[in-house]
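A structural walkthrough
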Amino acid sequence: MHPCPGTPTPAHSTVTETHVITTSGLTKVYRSRGREVTALDGVDLHVREGEVYGVIGQSGAGKSSLIRCINLLERPTSGTVTVAGQDLTALAGRGPRAGRELRQARSRIGMVFQHFNLLSSRTVRDNVELPLEILGKSGKERSRRALELLDLVGLADKAGAYPAQLSGGQKQRVGIARALAGDPKVLLSDEATSALDPETTRSILQLLRDLNRQLGLTVLLITHEMDVVKSICDSAALMEQGRVVESGTVSELLATPGSQLAAALFPVDGAASGEDRTVVDVTFHGEAATQPVISQLARTYNIDISILGAAIDTVGGLQVGRMRIELPGRYEDNVVPIGFLREQGLQIDVVDHTAPETLLVKEGAQ
Amino acid sequence: MTWSEMQPLLSQACWDTLYMVGWSTLIAVVGGLPLGVLLVLTDRGGLLQNVVANKVLGQVVNIARSMPFIILMVALMSFTRWVTGTTIGREAAIVPLAVGAIPFFARLVETAVREVDGGLVEAVQAMGGNTWTVVRKVLVPESLPSLISSTTTTVVALIGYSAMAGTVGAGGLGDIAIRYGYQRFETQLMWITVAILAVVISLIQFAGDLAARSLHRRGGRSGPAPRLRLLKSKEPAAAEVGKVA
């Protein structure tokens, strides 16, 4: 199911420091029958070129409005959206209809949808040709490009089938092929895997990851599933009630004390096994993660350490993650070993087992 | 009346009915399709949202639809004369038939087009398509099976209306049934007329259903429906469906 099995995937990512999507002060207020609902409340988002950026939040957090404001399917109430150096909000014009310039800009932004949104009256190939028809390409060029794209997503043999004859995962592959038809620099993914089963979700995410690496495609995706962010995102933002409450690269988030996203991405669980025990969360990121600190700690202070839980991942060749360990004795007895860990450049959080865990953490841990 | 006497009458009447219904259906589709699409587009939340235009169009359609056909025919006399130069005969009957059928078909089109998934419209907009693209590539092709059913319904309704066209000397099967069957007590001829009408309407309905269904089977829906089916039968079955088709 891999696209282009002959082409090896580059090991390192294609992320550059250029911002390809920027929103600043993005606000969207819906007015209906005198009531006002603020869906977006001053969202500032910076998506770097070549990265996979995940926006996560519960339903109603404003994710959908956000992604629709990026290509101006929804007109933001205020704020600006810049995609590939072009201020789209300036192209919008006054009326609700999209002018020619905005439509041209949209054709350079691919979009995939939760419910695929394929035309049931067209074959798979004709669906992929649709954006090319809109771009005014010739018939020959359209069919060549469509077959090329279907090959890329691993569906070359389904070109003549109708969407109703495909499985959900296959439909989403067609959706992705269609989104790539206009050679976009940016792909917006609106809950693209939410209607799929876990296994299909993995294969679609893998496809997005491969496309990101091979084509240098910047992907902005919204999701309510932490697993999606965990498996493919370079950076993530957490939305709550129309605001971005946390954002950054995965290791930046890990380095942020008390980050809900980091806690959900690297869930560690487990409670103290007795009264006079100290539970400590150790966060690894950067160079410190390469040191065998736990065994050093055990040797230096001659203490027994139990590992209650750990979530470690390799991001960009470095190990990042968190580990929950238990030290014998109360906190007061462990000030020195904890100091040692801090000296190694690790981030240490002493777990107060009386504090309730946040909802997001529990969701992520499942 | 013997069969040899009835036969030329009936074949002429059949031809007249088909001629009137054929032309008026064509005009109704040409006029009603854009009108129906406009009713959807100008509605609140539509791509060409215009509440005033929508209300006006809606009222015009409602008034035209509330008119009994026999009254419409008389009321349109001067318009018919302006268009065809006469107020009697087959051509003269086509005008009120078409005028009556346009709003009827437009309402059916409106219902059919409203059924199209808004996500498809959004997808085409996201590709950079304009309103005309949305109409041409999404709204009409996606609602085609329903539009064909709507056309069938319109043809059947027009055959009903055309029975009254006899009152302006346009002939047709309804005219035969009244003039011979009712006024001259030719009961046998009347029953034959009824039988012919029944057969014609069944054939039209059958052909319409067949056309709509073949399009539907080909396309199906890309929304939640097939996913429900997949849940029951899992993926291998879906692959089989693909092979069979």
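Everything quoted here is computed from the prediction, not taken from an experiment.

**Topic: the UniProt feature "domain: ABC transmembrane type-1" (unreviewed entry) in chain B**
- In the numbering used here, UniProt assigns the "domain: ABC transmembrane type-1" (unreviewed entry) feature to residues 14-212 of chain B.
- Structurally, residues 14-212 of chain B is divided into 80% helix and 0% strand, and its ends, taken at the C-alpha atoms, are 26 Å apart.

**Section: the interface of chain B and chain A**
- Each partner contributes residues to the interface: chain B has 33 residues there, and chain A has 33 residues.
- Of the roughly 2,900 Å² buried at the junction of chain B and chain A (both faces included), carbon and sulfur atoms supply 55%.
- Summed over the shared surface of chain B and chain A, the number is two salt bridges.
- Across the pair Arg68 of chain A and Glu122 of chain B runs a salt bridge, and its minimum N-O distance is 2.6 Å.
- For the pair chain B and chain A, the interface holds six residue pairs in polar contact (both at pLDDT 80 or more).
- Among the secondary structure elements, those contributing two or more residues to the side of chain B that touches chain A are α6 (118-126), α7 (131-142), α10 (187-219) and α11 (224-244) of chain B.
- Considered class by class, the residues forming the side of chain B that touches chain A number 13 nonpolar, eleven polar and nine charged.

**As for the sheet that holds strand β4 (residues 78-83) of chain A**
Residue and element names in this part refer to chain A.
- Read from one edge of the open sheet, four strands run β2-β1-β4-β5, paired in antiparallel fashion. Each edge of the open sheet is held by one strand with a lone partner, namely β2 (35-48) and β5 (86-87).
- In this sheet, β4 lies alongside strand β1 (residues 19-32) in antiparallel orientation, the contact comprising five bridges. Residue Ile21 lies in a different strand from β4, and its bridge partner there is Val83.

**Overview of the sheet that holds strand β7 (residues 186-190) of chain A**
Residue and element names in this part refer to chain A.
- One open sheet accounts for six strands, arranged β6-β7-β8-β3-β9-β10; its pairing is mixed. Looking at the sheet topology across the chains shown, the edges are occupied by β6 (109-112) and β10 (243-249). Averaged over neighbouring strand pairs, the angle between their axes works out to 15 degrees when direction is ignored.
- Bridge count for strand β3 (residues 52-56) against strand β9 (residues 235-240) is four bridges, and the pairing is parallel. If you follow Gly54 over to β9, its bridge partner there is Ala236.

**Notes on the nonpolar core**
All names here are of chain A.
- Residues Leu150 and Ile176 are the most contacted members of the largest nonpolar core, which totals 51 residues.
- Here this core spans two domains, and each of domain 1 (19-255) and domain 2 (266-365) adds at least three residues to it.
- Contacts of Leu150, omitting those with residues within four sequence positions, involve Val124, Arg125, Val128, Leu155, Ala156, Ala159 and Ala177.
- Listed in part, the 34 residues of the second largest apolar core include Val43, Cys69, Leu102 and Phe113.

Scoring rules and cut-offs
Residues numbered from 1 in each chain as written. Chains lettered and ligands numbered in written order. Predicted model: local features only at pLDDT ≥ 70, side-chain atom pairs only at ≥ 80, totals over all residues. Heavy atoms only, no water. UniProt positions renumbered as here; feature names shortened; annotations may be inferred. Helix = DSSP H or I, 4+ residues; strand = E, 2+ residues; numbered from the N terminus. Contact = heavy atoms within 4.5 Å. Buried area = accessible area lost by both parts, 1.4 Å probe. Salt bridge = Lys/Arg side-chain N within 4 Å of Asp/Glu carboxyl O. Polar contact = N/O pair within 3.5 Å; in protein donor to acceptor, adjacent residues only side chain to side chain. Nonpolar A, V, L, I, M, F, W, Y, C, P; charged D, E, K, R; others polar. Pairing = 2+ DSSP bridges. Axes fitted to C-alpha atoms, helices over the stretch in contact; angles between N-to-C directions. Core = buried A, V, L, I, M, F, W, Y, C linked by side-chain atoms within 4.5 Å. Buried < 20%, exposed > 50% of the residue type's maximum accessible area, 1.4 Å probe, protein only. Domains from an automatic or database assignment.

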